[in-house]
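What follows is each chain in one-letter form.
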Amino acid sequence: MAESAELILDGKSISLPVIEGTENEKAFDIGKLRDQTGYVTLDSGYKNTGATKSAITFLDGEEGILRYRGYPIDQLAEKSNFLEVAYLLIYGSLPTQTELDTFAHQITNHTLVHEDVRKIFDGFPSTAHPMGILSSLICSLTAFYPKSLDPNQSPEETNLNIFRLIAKISTIAAWSYKNSVGHPLNYPRNDLDYCSNFLYMMFAFPTEKYEINPVVVSALNKLLILHADHEQNCSTSTVRLVGSANASLYGSVSAGVNALWGPLHGGANQEVMEMLEAIQQDGGNTQKWVDKAKDKDDSFRLMGFGHRVYKNFDPRAKIIKKAADDVLKALGIDDPLLKIAQELEQAALTDPYFVERKLYPNVDFYSGIIYRAIGIPTEMFTVLFAMGRLPGWIAQWKEMRENKEPIGRPRQIYTGELERDYVGIEQR
Ligand code: MLT
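Residues numbered from 1 in each chain as written. Predicted model: local features only at pLDDT ≥ 70, side-chain atom pairs only at ≥ 80, totals over all residues. Heavy atoms only, no water.

Remarks on the overall build of the chain
Here is step 1: Scanning the chain from N- to C-terminus turns up 18 helices and six strands.
Here is step 2: On C-alpha atoms alone, the chain measures out to a radius of gyration of 24 Å, which is about the 22 Å that the 2.2 N^0.38 rule sets for 428 residues.
Here is step 3: Overall size of the chain, expressed as C-alpha extent along the three principal axes, is 80 × 65 × 55 Å.
Here is step 4: Carbon and sulfur atoms make up 52% of the accessible area of the chain, which amounts to about 21,500 Å² in all.
Here is step 5: Charge separation in the chain, taken as the distance between the mean sites of 43 positive and 55 negative side-chain charges, equals 1 Å. (Helix = DSSP H or I, 4+ residues; strand = E, 2+ residues; numbered from the N terminus. Rg over C-alpha atoms; globule rule 2.2 N^0.38 Å. Areas by Shrake-Rupley, 256 points an atom, 1.4 Å probe, with all protein chains shown as cover. Lys, Arg positive; Asp, Glu negative; His and termini not counted. Charge placed at Lys NZ, Arg CZ, Asp CG, Glu CD.)

Below you can see the structure in the form of structure tokens.
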């Protein structure tokens, strides 16, 4: 491997050190470029720019590889559970039984939120989008746990904030749903595991006994695992950037929730479901909508297809597609939207228009089918994405802090007005 690259600029030769990761990814280190040349680099959307070195998640977009701390995503989805994967991402290794029991116990015992949080809830109209409630209430935790603001907090304090956040996101998420439908809130139960407790808080109703369905619990574990981290995506980069200013974990994650809310990021799973429902309401003529997506004069585009990083397929989509089939069969659900989704996928995988543009199903395409099958309303899909992504956000924030990375502050190329003098309003 070359030790460095030579940049010849204005007749001068600059040597740029080459660095290589454990999976043979290579980069030019341009840390001294501006000092040496006066030039900066420009890469809108950071498509070619590494913001950091990280040991948490590896993905290979060409080969469709995704591994958390070296473990392949398909093995974790099949054999692990969400809290075990959260521990792996945050602390770097699979826990022993004692470590996992302690971690789960800590989280179980922090699911209750301060009664004053309910007062904040009561201030939201039932029409409030649950992602707006989630980012607000996560940030409000700084008010209830002010020690979380200390950038020099002890590792024990950081761990306590981690337990609180993983625990309380499930309660806040379930309560945001109950708030939207005007149902009484369900308080967390310490006798249930993480996913069962969330489902209980979401769906239990005073007038009937809520039965925990193991098929649904298993599907939820799998969905949360598949969303748990994805290296430097938009929301994770947001969490790292905000955290690099020594902002608290709660404040940094609240910012990440807002980034994930965007329809081009985590909001895509809600957009996919709304697209499938629109096609169904239009009579279910899938080919008509495929043709609209291909028509350059038509603004309609297929949601849930293609990916910034994966060039051939999203490994998570393959796992979720099988899980969707399994869950619908196990629950005896014949969802007409699944048929529409399968027809769209078939078109995307065979029609040269989509194949040439690498528009194949991504993680958002099938996740909505499962969420819908287990009773999650469409507006809550991105909240479930946030619950899944939380351990990844935490792990990345913690890694950035432990590595003592500098505050993130990108440069720019100015394209505005040259210097000019102020003129009074009467001369304008
Ligand atoms: C994600 O999992 O965050 C999405 O696939 C988006 C991305 O990785 O850029």
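Side note on the pairing of strand β2 (residues 12-20)
Here is step 1: The pairing of strand β1 (residues 4-9) with β2 spans six bridges and is classified as antiparallel. Across the sheet, residue Leu7 finds its bridge partner in β2, namely Ile14.
Here is step 2: Here β1 folds back onto β2, and the loop between the two strands holds two residues, one of which, Asp10, carries a positive phi near 50°.
Here is step 3: As defined by bridge partners, β2 adjoins strand β3 (residues 26-28) across three bridges and the pair is classed as antiparallel. (Pairing = 2+ DSSP bridges.)

As for the pattern of salt bridges
Here is step 1: Under the defined criterion, the tally for this structure stands at 20 salt bridges.
Here is step 2: With its nearest N and O atoms 3.7 Å apart, the salt bridge here joins Glu78 to Lys222. Linking Glu78 in helix α2 (residues 73-79) with Lys222 in helix α9 (residues 214-226), this pair joins segments that are 144 residues apart in sequence.
Here is step 3: The exposure class assigned to Lys222 is buried, which follows from its relative accessible area of 16%.
Here is step 4: For the salt bridge of Lys119 with Asp116, the shortest nitrogen-to-oxygen distance reads 2.9 Å. Remark: Asp116 and Lys119 occur in helix α5 (residues 115-122); sequence separation between them is three residues, near one turn of the helix.
Here is step 5: Its relative accessible area of 59% is what places Lys119 among the exposed residues.
Here is step 6: Within the structure, one salt-bridge network assembled from shared partners comprises Arg240, Glu399 and Glu405. (Salt bridge = Lys/Arg side-chain N within 4 Å of Asp/Glu carboxyl O. Buried < 20%, exposed > 50% of the residue type's maximum accessible area, 1.4 Å probe, protein only.)

Focus on the side chain of Thr57
Here is step 1: Counting through the fold element by element, Thr57 comes out in strand β4 (residues 57-60).
Here is step 2: In terms of polar contacts, Thr57 uses its side chain to reach the side chain of Asp229, at 2.5 Å. (Polar contact = N/O pair within 3.5 Å; in protein donor to acceptor, adjacent residues only side chain to side chain.)

Regarding the UniProt feature "active site" (unreviewed entry) in the chain
Here is step 1: Cross-referencing UniProt, the feature "active site" (unreviewed entry) maps to His307 and Asp364 in the present numbering. The named residues occupy 58 residues along the chain; their greatest pairwise C-alpha distance, 10.2 Å, places them in one compact cluster.
Here is step 2: You can see His307 is positioned in the loop between α13 (286-294) and α14 (315-331).
Here is step 3: The residues contacting His307, other than those within four sequence positions of it, are His230, Asp314, Arg316 and Tyr360.
Here is step 4: Here Val309 takes part through its backbone nitrogen, which lies 2.8 Å from a polar atom of the side chain of His307.
Here is step 5: Among the secondary structure elements, Asp364 is positioned in helix α17 (residues 363-373).
Here is step 6: Among all residues touching Asp364, those that are not within four sequence positions of it are His265, Ala268, Asn269, Val272 and Phe385. (UniProt positions renumbered as here; feature names shortened; annotations may be inferred. Contact = heavy atoms within 4.5 Å.)

Regarding the packing of aromatic side chains
Here is step 1: One pass over the structure, following the stated rule, counts 14 aromatic pairs.
Here is step 2: Judged by centre distance (5.2 Å) and plane angle (70°), the rings of Trp175 and Tyr187 are edge-to-face. Placement of Trp175 in helix α7 (residues 155-181) and of Tyr187 in the loop between α7 and α8 (194-203) is noted, with a sequence separation of twelve residues between them.
Here is step 3: We classify Tyr187 as partly exposed; its relative accessible area is 30%.
Here is step 4: For the ring pair Phe365 and Tyr366, a centre distance of 4.9 Å and an interplane angle of 85° mean the geometry is edge-to-face. Neither residue differs from the other here; Phe365 and Tyr366 are each classed as buried. (Phe/Tyr/Trp six-rings, centres within 6.5 Å; stacked < 30°, edge-to-face > 60°.)

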